[in-house]
Amino acid sequence: WLSGVNQNPETSLQDFVQACPMIVGMAMEALTLILAVKTSQSPMKAETFETVGFALVGTSIILASLLSFVYFGGYPVSLTLQPCTLLAVAFPLLLVRSLQASFSEATGAARSNWRCLLAATILNLCGAASLGAFDNDCTGMSCITEFLPWESSPCRWVTAEPRGSTCPLPEWFNHAALMHIFCTLACFPSVFGLCGLLDCGWEPEEKAQPAAVSARDKEDEHALPKSDSKSDSLRKRAVLKVQPDEVTVACGGANEVDIALLKEDALR
């Protein structure tokens, strides 16, 4: 945006090479934020984290290849900007997570630091909203919002007479600067909150996993003989003590069948 390459009538290869890392970078930023939201709710194993890291690198390479295909295939340049819309998914997810943690965390220090992240997310959302609000009018020949049903296609910057006259901002002030002002301000509470979470030793809570029942346990359960209510009552009142070579059963009024069942349970 700063260089104004998007306002050239034709997007040269040099312009595309210049813009491609920015587009891929914004998409990877969004995916990383979504991953951060997920891992803030449940911890990730080290080996899984490495796998995800390689997956992100692979995704960036694939995305750059797709952008090249769109450019060299002669498709609308606005298509190459669509990966940037992932931030419109990532920031609201982070907003909801920060808002939830700001009130649900157990310690006051954790809640305070999450509120710093909440403030940073709100600033980032304001930046993204400012970019989107002026995108169709100010970006240039192509724009991110061109394919939204309520926006103009081609972009209003192109259809205006003279071109670019729909942008309410002065020529010397690029509309993307608004986004970067908000995002720069967001850096301060974001870093403060993240460092605070590290200092207070915050970790995502592990969700309790139900105990797994092995196939052997299921077989043993089905193999147990059924007994009447009297035997069940005696079994509950029995005190079992298993020794290497013997089973001692203490209960009152048990018949031989009950004793055999209790011995079998003790051995199991």
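Whatever comes next refers back to the structure up there.
The rules behind each value
The written sequence of each chain sets the order in which its residues are numbered from 1. This being a predicted model, a pLDDT of at least 70 is required before a residue's local features are given, and a value of 80 or more before pairs of side-chain atoms are given or counted; all residues contribute to the totals for chains, interfaces and linings. With hydrogens and water set aside, each side-chain value is computed from the structure's full complement of heavy atoms. Under the DSSP-based scheme used, a helix requires at least four consecutive residues in state H or I and a strand at least two consecutive residues in state E, with every element numbered from the N terminus. Any residue under 20% of the maximum accessible area for its type is buried, any over 50% is exposed, and the rest in between are partly exposed; the area is computed with a 1.4 Å probe on protein chains only. Whether two residues are in contact is decided by their heavy atoms, any of which lying within 4.5 Å being enough. The patches reported here contain residues having more than 30% relative accessible area and no salt bridge. Joining distances are 9 Å for like charges and 5 Å for nonpolar side chains (Val, Leu, Ile, Met, Phe, Trp, Tyr). Under the convention used here, a 1.4 Å probe and the Shrake-Rupley method define accessible areas, while residue burial counts only the protein chains that appear. Any Lys or Arg side-chain nitrogen found within 4 Å of a carboxyl oxygen on Asp or Glu counts as a salt bridge. Disulfides are defined as pairs of cysteine sulfur atoms found within 2.5 Å of each other. Each polar contact in these results corresponds to two N or O atoms within 3.5 Å; when the atoms are within protein, one needs to be able to donate a hydrogen and the other to accept it, and residues that are neighboring in sequence are counted only if both atoms are side-chain atoms.

Participant: Would you take a moment to explain the side chain of Ser60 for this structure?
Facilitator: In this fold, Ser60 is placed in helix α2 (residues 46-72). A relative accessible area of 18% places Ser60 in the buried class. Residue contacts for Ser60: discarding those within four places in its chain leaves Val24 and Met28.

Participant: Quick question: what am I supposed to make of a nonpolar patch on the surface here?
Facilitator: Among the surface-exposed residues, Phe69, Tyr75, Leu79 and Phe147 lie close enough to one another that they form a single nonpolar patch of about 400 Å² accessible area. Position of Leu79 among the secondary structure elements: in the loop between α2 and α3 (87-104).

Participant: Even after reading the chapter, I still don't get the state of the cysteines, so can you show me in this structure?
Facilitator: Cysteine pairs can be linked by a disulfide, which is a covalent bond between their two sulfur atoms. Tallied over the full model, the rule gives 2 disulfides. Two residues share a disulfide in this structure: Cys138 and Cys167, whose sulfurs sit 2.0 Å from each other. Taking the sign of the S-S torsion, about 95° here, the bridge from Cys138 to Cys167 comes out right-handed. Of this pair, Cys138 sits in helix α4 (residues 108-138) while Cys167 sits in the loop between α5 (156-159) and α6 (176-199), placing them 29 residues apart in sequence. Judged by relative accessible area, Cys138 falls into the buried class, the value being 5%.

Participant: Which parts of the structure should I look at to understand the environment of Arg156?
Facilitator: Counting through the fold element by element, Arg156 comes out in helix α5. Residue classification places Arg156 among the partly exposed residues on the basis of a relative accessible area of 26%. As a C-alpha pair, Arg156 and Asp135 span 21 residues in sequence and 9.2 Å in three-dimensional space. When neighbours within four sequence positions are excluded, Arg156 is seen to be in contact with Asn136, Asp137, Glu151 and Thr166. A polar contact of 3.0 Å, which involves the side chain of Arg156, links it to the side chain of Glu151.

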